[in-house]
2 protein chains.
Amino acid sequence: MNIIEKFIEIKDYFSPRIIGEINDVFIKLVKIKGEKIPWHNHKNEDEFFYVIEGKLLFEIEGKDSFIMNKGDIFIVKKGINHRVSSDEECKVMLIENKTTAHTGDVKSEITKSIADQKHI
Amino acid sequence: MNIIEKFIEIKDYFSPRIIGEINDVFIKLVKIKGEKIPWHNHKNEDEFFYVIEGKLLFEIEGKDSFIMNKGDIFIVKKGINHRVSSDEECKVMLIENKTTAHTGDVKSEITKSIADQKHI
């Protein structure tokens with residue numbers, strides 16, 4: 001399975017899709033364009049971001065925001081309020097626990113259930 | 001943290017290094033060149049391979065072997081005997097449980113403990 005080919009199957013922004021699972025963890029791909037992700041946190045789960053293509057603006061409550069470029073990784077520790085956005089399309093790999101809710105306890109128009117994030 | 005820059009810090013082949021952790025999982029980088037990895041399996045843990053650069057020969061007991069190219073991912077399910085090798089240098093990201101032993105129950109000259117795989 002090739003990451004770049006898998007991204008071609010993903011048409012919607014803010015819609016993570018599962019491409020594999022290892023034990024208690026999902027590997028997901030997501031395309032981000034715009035600012036629709038609300039501030040949120042994951043009370044019990046760390047979250048791994050890896051920028052495959054594009055630029056991602058990463059905001060963390062109480063800290064300086066920063067840009068992630070291609071090849072950059074960042075781990076948000078559990079309980080930390082954060083949001084990400086991108087002016088242009090950005091392709092991201094996520095590694096999350098199977099229990100991780102998309103936008104934590106916050107529900108918004110883009111929030112996806114695990115069922116919505118089905119395997120591709 | 002940039003993946004390509006992190007690989008510059010890794011000098012030795014067959015020596016995975018931890019670059020991050022999310023919950024019960026380690027994110028590791030490893031450079032592979034040659035055929036020193038013995039056949040092994042991980043009794044209780046799936047293992048995720050992602051080729052960042054180069055080509056990786058993947059062998060699975062009882063199945064056809066295959067080449068992984070840049071951008072390819074593959075998950076070896078728990079208990080499955082496997083080994084990987086590469087003629088030229090190949091850069092790989094691994095996602096493994098914290099309990100995963102480098103070469104399973106098999107010990108060889110290249111086997112590294114978790115302490116040997118220390119954070120960079």
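See the structure above.
Rules used throughout
- Residues numbered from 1 in each chain as written.
- Chains lettered and ligands numbered in written order.
- Predicted model: local features only at pLDDT ≥ 70, side-chain atom pairs only at ≥ 80, totals over all residues.
- Heavy atoms only, no water.
- Contact = heavy atoms within 4.5 Å.
- Buried area = accessible area lost by both parts, 1.4 Å probe.
- Salt bridge = Lys/Arg side-chain N within 4 Å of Asp/Glu carboxyl O.
- Polar contact = N/O pair within 3.5 Å; in protein donor to acceptor, adjacent residues only side chain to side chain.
- Helix = DSSP H or I, 4+ residues; strand = E, 2+ residues; numbered from the N terminus.
- Core = buried A, V, L, I, M, F, W, Y, C linked by side-chain atoms within 4.5 Å.
- Buried < 20%, exposed > 50% of the residue type's maximum accessible area, 1.4 Å probe, protein only.

*Asks:* Please give an account of the interface of chain B and chain A that cites residues and values.
*Replies:* Contacts between the two partners involve 27 residues from chain B and, on the opposite side, 27 residues from chain A. In this assembly, chain B packs against chain A so that about 2,100 Å² is buried in total across both faces, 57% of it on carbon and sulfur atoms. The largest contributions to the chain B side of the interface with chain A come from Ile22(B), Asn23(B) and Ile73(B), which together make up 28% of the buried area. In this assembly, chain B and chain A are joined by zero salt bridges. Between chain B and chain A we count twelve residue pairs in polar contact (both at pLDDT 80 or more) in total. When residues of the side of chain B that touches chain A are traced back to their parent elements, those giving at least two are β1 (17–22), β2 (25–34), β3 (47–53), β6 (73–76) and β7 (82–97) of chain B.

*Asks:* I'd like to hear about the nonpolar core, residue by residue, with values.
*Replies:* Tyr50(A) and Tyr50(B) are the most contacted members of the largest nonpolar core, which totals 32 residues. The residues touching Tyr50(B), leaving out its near neighbours within four places in the chain, are Ile3(A), Tyr50(A), Ile52(A), Met93(A), Gly71(B), Asp72(B), Ile73(B), Lys91(B), Val92(B) and Met93(B).

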